[in-house]
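An overview of the molecular structure
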Amino acid sequence: MMTVTTPPFRSPGSLGRWLPSLAWILALGGMASVLLGHIESVQAMRGIQGGFGFLLQPAGFRISESLLAVAPEDPYWMSIAAGLVNTLTVAAVAIPLATALGIALGLMRLSPHPLAARCAAAIIAPLRNTPVLLQLFLWYGLLLRLPDVRQAWSPLPSVLLSNRGLALPAVQGALPYAALALLAVTLAWQAKRRWGNGAAIAALAIAAFAAYWLPAMRIDLPIKRGLGLQGGWQPSIEFAALLIGLVVFHAAYIADIVRASVRAVPVGLVEAGQAMGLTPWAVLRKVITPYATRVALPPYANQCLALVKNSTLAIAIGYQELMAVINTAITQTGLALEGIALAVAVYLALALALGGGLSAWNARNTRHGPGDTHGARLGDRPLWRAAGRDARPWRRNAVSVALTVLLAAVAWALLDWAVLRAVWRGDPAACADAVGACWAAVGENLPLLFFGTMTPADRYPGAVACVALLGGIALALGGQRVPARARAAALAALLLIVVGALTGWPWGGALIGPQRWGGLLVTLILAIAALAAAVPLAFALALIRRSGSRAGALAAACLIEAVRGIPLVTQLLFASFVLPMLLGGGMSKFNMALAALTLHTACLLAEVLRGALQAIPPGQMMAARALGMRPATAYATVIWPQARRIAAPAALGVFVGAVKDTSLVSIIGVFDVLGAAKAVVAGTDWRPYHVEVYLAVALLYFAASLALSRVARRMEISPRATPAACGLKSDRRHSGTPLPPP
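On a predicted model such as this, the values are computed, not experimentally measured, just so you know.

Cut-offs applied
- Residues numbered from 1 in each chain as written.
- Predicted model: local features only at pLDDT ≥ 70, side-chain atom pairs only at ≥ 80, totals over all residues.
- Heavy atoms only, no water.
- Helix = DSSP H or I, 4+ residues; strand = E, 2+ residues; numbered from the N terminus.
- Buried < 20%, exposed > 50% of the residue type's maximum accessible area, 1.4 Å probe, protein only.
- Contact = heavy atoms within 4.5 Å.
- Areas by Shrake-Rupley, 256 points an atom, 1.4 Å probe, with all protein chains shown as cover.
- Pairing = 2+ DSSP bridges.
- Expected span 1.5 Å × (residues − 1).
- Phe/Tyr/Trp six-rings, centres within 6.5 Å; stacked < 30°, edge-to-face > 60°.
- Core = buried A, V, L, I, M, F, W, Y, C linked by side-chain atoms within 4.5 Å.
- Axes fitted to C-alpha atoms, helices over the stretch in contact; angles between N-to-C directions.
- Parallel < 35°, antiparallel > 145°, perpendicular 65-115°, else oblique.
- Left-handed = near helix turned anticlockwise from the far one by under 90°.
- Nonpolar A, V, L, I, M, F, W, Y, C, P; charged D, E, K, R; others polar.

Attention shifts here to the overall build of the protein. Within the protein one finds 27 helices and 7 strands. A burial count over the protein gives 41% of its 742 residues as buried. Restricting to contacts in the protein with at least 6 residues of sequence separation, those with at least 24 account for 72%. Of the roughly 39,400 Å² of accessible surface on the protein, a fraction of 67% belongs to carbon and sulfur atoms.

Shown next as structure tokens:
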């Protein structure tokens, strides 16, 4: 009889699975400790004692506008808390307004009336395809051109708008009533679910009785007194510009979310509701809205998080929100690592709180499953009208007439201002008495916009580099009819021209380093370099996150989610303050901005690529490996062509966002084209004509976004990337594996 003996040692199988993870953790932990130690030594050499003890020291500066009153003698933590309150105030006001405006634009975009839909599309396109920072500058300048307080505009009773900001009626003592109303609604909803309508009515009655004992509310109206205003709520011009800019920018994205979610509703559900005799309004309320809400919640949650992160752009227009206050604290104390750590912790906590709440709401709305996932969708039909919509054609005709008259008036006003009465040449004196636009402000400052602060000797090589870069972009985006080898050779030649113009090789010119770049040249190189470096990094991060290594996947996931949850402004400030400590100085601001933009774009793109890779059936890779392909060859010839086509629409948004994000580098002192525009309007001569200057820069970003949209659309309609089309069939014939019988 054979007996089986158990070895005296434990099988290394379970231990072997954890050894790579342990090695990853130890390596990352050791690297982090070395970097932190190096930063602390650099701070000690500068005479700066690290730690968070500075939070208890007096801040020494005032928060001019906050619901939390802070004096200069108060500690830093109170100033940071006041900045956080300002951030939350902006988010609490902007998110509902952006949602309402986005829903209105989305429904207008879905209108069966073609003129109304095109009007909505014309409004959404420029808002989506221009940087939000540029829009903030534009709104800020427009608000500064309002009349002064003595001639304040009053669009509504007791609502005053001037170049000092907005004055609104304020309700004193409303906070207890708001808290009681929220509590009453919550209790009534829970009571209705458990015991019916009677219990809900009883809960509301108890709340009304409790409100009787609260102190009375008082309405404080703003009034003109002397040279200013008194009373009411008076948000500053910076707050108003930030609010308007964030609302209209994110409303454009929410409008597209609303449009896409409604178009995703199955036609069968709508037809079933109509067959049951529901009115068009009932079909919209009981069928379309619930289904579209479930589809729209995840991207809507992303927009809410993006709005909170974009509130950090207030640092550029002087509004003291959280990041602006922390930046001031870092400047005063020199504790960059501690300040950035506070900002990262706060914004990650906000992202987790807001994302968690919206995720819970999404889970509640999707608890019954996806519903009908088969059949045609509303978006598959060229036009969908609710039942009985054509019963009153006079309404459609009236809308057409009203829109035509409105569009004609707006078009004539724009034509008259931008072309007929515009000043195209001359000095500021020529524009002083002009009624129309002053395009001379753009024409006379083209050297500054194109080259920034580059010396006259450097401008000619810079112009050659800009022309070569623009030619390469045009060839890459629109050279489909050019053979691939010829296009690659032309791109290589243009790249050599750029390198030669900036390095002086081979004709012996002077080297023009990144410190001397400016204007359009910085924007072009920064956008191209960030995208070129981000694509392979994103692909590597996506593969690591999908790998079998738990520690590697966890490290990649932590990096991606951390970068996605932290505002780009915070990452740029981190690169500006911390990277010089890590690398010992000598790093240009351009390289700092490039590092931050590359990492940010790569982490966003990694999630897009990961989703595309997950959409490819696993059998594709297994079949390629069975035919003798190596993993790298299989990914290059089978997986990547299919993933590229799947990821093209979502990658478009990342690419457009990366191009627009280049406008943020001016915050850390990089003199890009937006920084050059700010320098133009900073002068007293051309300051009144900031609208024309910013519109010219917006046109540049809009053209770049449209070009990327065209490329993504071409990738979507390209021939389907199948294994056979990717060379799998030919590889099978040459791999030694017999083909299956016909």
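Now that the structure is up, let's keep going.
So, about the pairing of strand β2 (residues 159–162). The two faces of β2 match: V159 and L161 on one face and L160 and S162 on the other face are all buried. With 2 bridges connecting them, strand β1 (residues 153–156) and β2 associate as antiparallel partners. From the neighbouring strand, L156 faces β2, where its bridge partner is V159. What sits between the antiparallel neighbours β1 and β2 is a turn of 2 residues, in which S158 has the positive phi angle 65°. Across 3 bridges, the pairing between β2 and strand β3 (residues 165–167) is antiparallel. Residue pairing across strands places S162 opposite G165, the latter belonging to β3. With antiparallel pairing between neighbouring strands as the criterion, β2 and β3 make up a hairpin whose turn holds 2 residues.

Our focus in this paragraph is the environment of W361. Looking at the secondary structure, you find W361 in helix α11 (residues 336–365). For W361, a relative accessible area of 41% corresponds to the partly exposed category. Between the alpha carbons of W361 and L297 there is a distance of 8.3 Å; along the sequence they are 64 residues apart.

What follows covers helix α22 (residues 589–614). Taking 1.5 Å of rise per residue, 26 residues should cover 38 Å, and α22 covers 38 Å from first to last C-alpha, within 8% of that figure. Of all the 26 residues making up α22, 19 are buried; the element is thus mostly covered by neighbouring parts of the structure.

This part is about the packing of aromatic side chains. The final tally for this structure, using the stated rule, is 12 aromatic pairs. With centroids separated by 5.3 Å and ring planes inclined at 75°, the aromatic side chains of F539 and W640 adopt a geometry described as edge-to-face. Taken together, the residues span a long stretch of sequence, with F539 in helix α18 (residues 520–545) and W640 in helix α24 (residues 631–661) at a distance of 101 residues. Residue W640 is classed as partly exposed on the basis of its relative accessible area, which comes to 27%. Here the aromatic rings of W686 and Y689 are separated by 6.2 Å at their centres, their planes lie at 65°, and the arrangement is edge-to-face. Each member of the pair, W686 together with Y689, is buried. Of the aromatic side chains, those joined through ring pairs into one cluster are F54, F61 and Y76.

A general tendency of soluble globular proteins is for nonpolar side chains to be buried together. Formed by 134 residues in total, the largest nonpolar core has its most connected members in L242, M323, W517 and L521. For this core, the leading source of residues is helix α7 (residues 237–263), giving 13 residues. Excluding residues within four positions of it along the chain, L521 makes contact with F450, M454, G462, A465, C466, L469 and L502. Counting residues in hydrophobic clusters, the runner-up holds 24 residues, among them V563, L613, I639 and A651.

As a further point, take the sheet that holds β2. Paired through their backbone hydrogen bonds, the strands of a sheet run either parallel or antiparallel. As summarised here, the arrangement of the 3 strands in space is β1-β2-β3, forming an open sheet in which the pairing is antiparallel. Only two strands of the sheet have a single partner each, and these edge strands are β1 and β3. Pairwise comparison of adjacent strand axes, ignoring direction, gives a mean angle of 25° for this sheet.

In contact at an axis separation of 7 Å, α18 and helix α19 (residues 550–565) are set at 130° when each is read in the N-to-C sense. Classed by the angle they form, the pair α18 and α19 counts as oblique. The way α18 lies across α19 gives a crossing that is left-handed. Here α18 contributes L541, I544 and R545 to the contact with α19, which in turn contributes G552, A553, A556, A557, L559, I560 and E561.

Looking now at the environment of K192. By the secondary structure assignment, K192 is in helix α5 (residues 175–195). For K192, a relative accessible area of 48% corresponds to the partly exposed category. A C-alpha to C-alpha distance of 9.4 Å links K192 and A203, two positions 11 residues apart in sequence. Ignoring any residue separated from it by four or fewer positions in sequence, one finds K192 in contact with N197 and A200.

Next up on the list: the packing of α18 against α24. Where α18 meets α24, the axes come as close as 12 Å, and the angle between the chain directions of the two elements is 125°. With respect to each other, α18 and α24 are oriented oblique. Note on packing geometry: the crossing formed by α18 with α24 is right-handed. On α24, the residues touching L531, V535, F539 and L543 of α18 are Y635, W640, F655, A658 and V659. Of the residues contributing to the contact of α18 with α24, the split by class is 9 nonpolar, no polar and no charged.

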